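Structural description and commentary
Letter by letter, the chains look like this.
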Amino acid sequence: MSDRHISQHFETLAIHAGNTADPLTGAVVPPIYQVSTYKQDGVGGLRGGYEYSRSANPTRTALEENLAALEGGRRGLAFASGLAAEDTLLRTLLSPGDHVVIPNDAYGGTFRLFAKVVSRWGVEWSVADTSDPASVRAAITPKTKAVWVETPSNPLLGITDIAIVAQIAHDAGARLVVDNTFATPYLQQPLSLGADVVVHSLTKYMGGHSDVVGGALIVSDQALGEELAYHQNAMGAVAGPFDSWLVLRGTKTLAVRMDRHSENATRIAEMLTRHPRVTRVLYPGLPEHPGHEVAAKQMKAFGGMVSFQVEGGEEAAVEVCNRAEVFTLGESLGGVESLIEHPGRMTHASAAGSALEVPADLVRLSVGIENVDDLLEDLQQALG
């Protein structure tokens, strides 16, 4: 199928981009090339450009082409984890003495990478409320090479206007990096809004079944893509063939899953706003959310993540997590099953005591695709 015929609608692109039928057998699903090296047709005579699977693997290539197509980018690169993708990106873009603006509400692993790893390399960073353009401008210095954004953010579901912050970053000579894990390219496409790099934890919605760990970078600048590919090969934290195959399977159903995630999350958020034990609900689909208008402008729907705060403080929040039954107590997110967690003690424990510390009474939900009535009943009994 030609690009002309698969580029009109996301759902079709998700199924066909990168998924060329196997030329030998006609298999409609790309094979798992579980191989480390490739026979060469004479010294330097590579078949299809493959020589060693750290450098390139046909199954990974299929996934990378699929990811680039879904995000509207020129180059996609798949990694062993989201943090491996982030680390490769930072070591490609930055040198000792450079500066990065990071959000005041970011994934704990991303914060740990900046605070405990990259900073030891001589890279400076400062925190900004990326939902406030003035805060971003104030945080930028003459040494700023990148502005990092999560939208929606993890775990407080903050919303950043990508187009505005992209212009601020570019005016300062910096690149805008957007972690699109929560939204996915089905709901939001940052490159079309001016971002330079999109980051994904493929572990989450892109894989969608809680059975794979992976990460990705997608860019619209071919030269930057080549530079990232060089570092990917040099550093080596690549996605394996079976992991690539699992994510490629997941992207085929991304659209229908995200529709259901978003529908279920909306129902749950609305119920939580009415519950007497809930003091605050964080979901960009609610009209009262401070980022609702921006989210409605740049997102197709509002996603499957909901956070809320409960009366009674930290212990009450922990008890809600422990009482849930249909919602599984566990870290991560984006699978077909619903998950519940206490960010302060779990995914964001690394941010304790910092500017990114999360409220102790916060509960985060990854709303799955189960029957929503069962999910509502479970939360109501967990809240008591």
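Under an unreviewed UniProt entry, the protein chain has the name Cystathionine gamma-synthase and belongs to Streptomyces diastatochromogenes. Here is the UniProt Sequence similarities (unreviewed entry) comment for the protein chain, exactly as written: "Belongs to the trans-sulfuration enzymes family."

Turning our eyes to something else, we now look at the sheet that holds strand β10 (residues 328-329). Strand order in the open sheet formed by 5 strands is β8-β9-β12-β11-β10, and the pairing between neighbours is mixed. Since the sheet does not close on itself, it has two edges, and those belong to β8 (278-282) and β10, each with one partner. As judged from the 5 bridges shared by strand β9 (residues 305-310) and strand β12 (residues 362-366), these two strands associate in the antiparallel manner. Looking at the pairing, S307 lines up with R364 of β12.

Attention now goes to helix α3 (residues 58-71). Taking 1.5 Å as the rise per residue, α3 with 14 residues should run 20 Å; its terminal C-alpha atoms sit 20 Å apart, in good agreement. When α3 is considered as a whole, its buried residues turn out to be P58, T59, R60, T61, A62, L63, E64, N66, L67, A68, L70 and E71. The residue sitting at the N-terminus of α3 and contributing the capping side-chain oxygen is N57; that oxygen lies 2.9 Å from the backbone nitrogen of T59. Residue G72 follows α3 closely and has a positive phi angle near 70 degrees.

Our focus in this paragraph is the domain arrangement of the protein chain. One frequent convention defines the size of an interface as the accessible area lost when the parts assemble. Split by domain assignment, the protein chain resolves into domain 1 (10-249) and domain 2 (255-383). Taken together, the contact pairs 37 residues of domain 1 with 42 residues of domain 2. Across the domain 1/domain 2 interface, buried area totals approximately 3,100 Å², and carbon plus sulfur atoms make up 65% of it. When the area that domain 1 buries against domain 2 is broken down by residue, the three leading residues are Y186, L187 and Y205, summing to 25%. Linking domain 1 with domain 2 are 1 salt bridge, by the criterion used here.

Basis of the calculations
Residues numbered from 1 in each chain as written. Predicted model: local features only at pLDDT ≥ 70, side-chain atom pairs only at ≥ 80, totals over all residues. Heavy atoms only, no water. UniProt positions renumbered as here; feature names shortened; annotations may be inferred. Pairing = 2+ DSSP bridges. Helix = DSSP H or I, 4+ residues; strand = E, 2+ residues; numbered from the N terminus. Expected span 1.5 Å × (residues − 1). Buried < 20%, exposed > 50% of the residue type's maximum accessible area, 1.4 Å probe, protein only. Polar contact = N/O pair within 3.5 Å; in protein donor to acceptor, adjacent residues only side chain to side chain. Domains from an automatic or database assignment. Contact = heavy atoms within 4.5 Å. Buried area = accessible area lost by both parts, 1.4 Å probe. Salt bridge = Lys/Arg side-chain N within 4 Å of Asp/Glu carboxyl O.

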